[in-house]
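This is what each chain is made of:
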Amino acid sequence: MDVDGARIAEAMAHLKHHGRATLRDRLHRLRSTATLALQAGLAAALSWLVAHEFLGNPEPVFAPISAVGTLAASVGQRFRRTVELILGVGVGVAVGDLLVYLLGTGPWQLGLIVTLSIVVTIFFGGSVAVVIQAAATAVLIVTLSPTVKDLELPRFIDALVGGGIALVVTAVLLPLNPLRVINRAARPALDLLAEQLDRTADALRDRDRDAAQAALERLRDNKAELTDFVEAIEGAKETITISPARWHRRSELTHYAEAADPIDRAMRNSGTLIRRSVTLIEDEEAIPEPMPDAVAHLAESVRLLRHEFAVGEEPQQARERALRAVSEVGRAYAEGVGFSGSVVVAQVRTTASDLMVASGIEQEEANRLIREAFGESEPARTPAEGPAQTPKPPATPPLG
């Protein structure tokens, strides 16, 4: 048997798959930022045109810079960035012009003016963006004042023009489709969760501790996906607030906006589920046959939730699959589980509840449905309250 040949073939297959995945990721990022690139180009051109042709500024350099700087802010923060831009320029102009009048220009004056601009901005509670704009404007005032007269007012007007044009482009000329933005941002986060739950289900079936550990580590590394998802929701809120063309999308956006927190909780609870699955396998506890199926149903519920949100449907299938996961894990609990197994059971219930809430169900109603699917006739009680009505003592693992 050609062992080296098999290893080389496996390595080449991995590299080929990795190359396709990398290209796919790059194309996805390109599609996600194509609209931003168009917005920035249009805003830069229009801000220069307005400042030069309509306001008579012969060199309106700062107008397109301000426009691009506004659009470069995180989606969902562009209106705030415009206000910060104007405030920062105002502080820089005021401090810079006053001190240039009193002290003149030169290297030590430049250093002092920049320092004082930053100190004043921070003292009045300015954000990082305001501080940067104040310092940059102070630098321009000090360095260009000897050669360019009356720089202060054009700089301030350019900031107004650039920021205003950027908002007009965002709100009227090229507004983002808020649902498309959210769908693109939600796909990586939800696909990550579904994939790791599927891997955990397979690891439980095969008693593969390393596979479960790998799924746990990958799920822990989810900050980028969650950050993109939350920023997309904020950007969509901003778009439907300032863009008349997108006001009709408000009701559709509500589902996603309300789903952000429960999806975040589902991620965290799934992490506990997977971590306990690793311990369960290490301790060689019993793994009833329905337990891996329950975890796999959770994964499918996540996929269905993403799909039904994307097409604008009521997520009935996602809810049904989440309840099926709870029903399966109830059967597993009735067959008998150990300590870590009982934690896995509890986390399946809790994650399913999170997904139900993400689908638009109230928390109390979701908990009731989870208890019914598990096989309880009433909420689980602690040992001090008496025996719980469950398929098997001790008390049924509660919702987290």
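Predicted model, so just to flag it, every value in this text is computed and none were measured.

K.L.:
I'd love a proper account of the packing of aromatic side chains, names of residues and values included.
P.N.:
All chains considered together, the criterion is met by one aromatic pair. Judged by centre distance (5.9 Å) and plane angle (50°), the rings of Tyr333 and Phe374 are tilted. Of the two residues, Tyr333 sits in helix 12 (residues 316-335) while Phe374 sits in helix 14 (residues 363-374), which places them 41 residues apart along the sequence. Assessed through its relative accessible area of 2%, Tyr333 is described here as buried. Residue classification places Phe374 among the buried residues on the basis of a relative accessible area of 3%.

K.L.:
I'd like a description of the packing of helix 12 against helix 13 (residues 339-358), backed by residues and values.
P.N.:
As a packed pair, helix 12 and helix 13 sit with axes 9 Å apart at the nearest point and diverge in direction by 165°. Judged on the interaxial angle alone, helix 13 and helix 12 are roughly antiparallel. For the pair helix 12 and helix 13, the crossing hand works out as left-handed. Counting all contacts with helix 12, which are made through Arg319, Ala322, Leu323, Ala325, Val326, Val329 and Tyr333, the residues of helix 13 involved are Val345, Val348, Arg349, Ala352 and Met356. Partitioning the contact of helix 12 with helix 13 into residue classes produces 10 nonpolar, no polar and two charged.

K.L.:
How would you explain the nonpolar core if you had to name every residue and give the values?
P.N.:
The biggest cluster of nonpolar side chains holds 58 residues, and the ones touching the most others in it are Met291, Leu298 and Val348. Contributing elements (two or more residues each) for this core: helix 7 (178-206), helix 8 (209-220), helix 9 (223-242), helix 10 (250-282), helix 11 (290-310), helix 12, helix 13 and helix 14. Discounting residues that sit within four places of it in the chain, Val348 has contacts with Leu273, Ala294, Val295, Leu298, Ala325 and Val329.

K.L.:
Tell me what's going on with the pattern of salt bridges, and back it up with residues and numbers.
P.N.:
Under the criterion given, the structure shown has 16 salt bridges. With a shortest N-O distance of 4.0 Å, Glu320 and Arg321 are connected by a salt bridge. Residue Arg321 is classed as partly exposed on the basis of its relative accessible area, which comes to 24%. Across the salt bridge formed by Glu365 and Arg368, the nearest N and O atoms sit 2.5 Å from each other. With Glu365 and Arg368 both in helix 14 and three residues apart, the pair spans about one turn of that helix. Where salt bridges share partners, they join Asp198, Glu300 and Arg303 into one cluster.

Cut-offs and rules
Residue indices begin from 1 for each chain and proceed along its sequence in written order. With pLDDT at 70 or above as the cut-off, local features in this predicted model cover only qualifying residues; side-chain atom pairs require 80 or more to be listed or tallied, and sums for whole chains, interfaces and linings still use all residues. Hydrogens and waters are ignored; side-chain quantities use all the structure's heavy atoms. Here the aromatic set is Phe, Tyr and Trp, taking the six-membered ring for Trp, and pairing holds for ring centres within 6.5 Å; pairs whose planes are under 30 degrees apart are stacked, those over 60 apart are edge-to-face, and all others are tilted. Each helix is a run of DSSP H or I of at least 4 residues and each strand a run of E of at least 2, with the numbering of both proceeding from the N terminus. Think of it in three bands: residues with accessible area under 20% of the maximum for their type are buried, residues over 50% are exposed, and the middle band is partly exposed, with areas taken using a 1.4 Å probe on protein chains only. All axes here are fitted lines through C-alpha atoms, helices being fitted over the stretch that makes contact, and every angle between N-to-C directions spans 0 to 180 degrees. Should an angle lie under 35 degrees it is considered roughly parallel, over 145 roughly antiparallel, and from 65 to 115 roughly perpendicular; all remaining angles are considered oblique. Crossings are assigned a handedness: left-handed for a near helix turned anticlockwise from the far helix by less than a right angle, right-handed for a clockwise turn. For this analysis, residues touch if any pair of their heavy atoms sits within 4.5 Å. Only Asp, Glu, Lys and Arg are considered charged in this grouping, and only Ala, Val, Leu, Ile, Met, Phe, Trp, Tyr, Cys and Pro are considered nonpolar; every other residue, Gly among them, is considered polar. Take the buried Ala, Val, Leu, Ile, Met, Phe, Trp, Tyr and Cys residues and link them wherever side-chain atoms come within 4.5 Å; each set so joined is a nonpolar core. Should a side-chain nitrogen of Lys or Arg be within 4 Å of a carboxyl oxygen of Asp or Glu, the pair is scored as a salt bridge.

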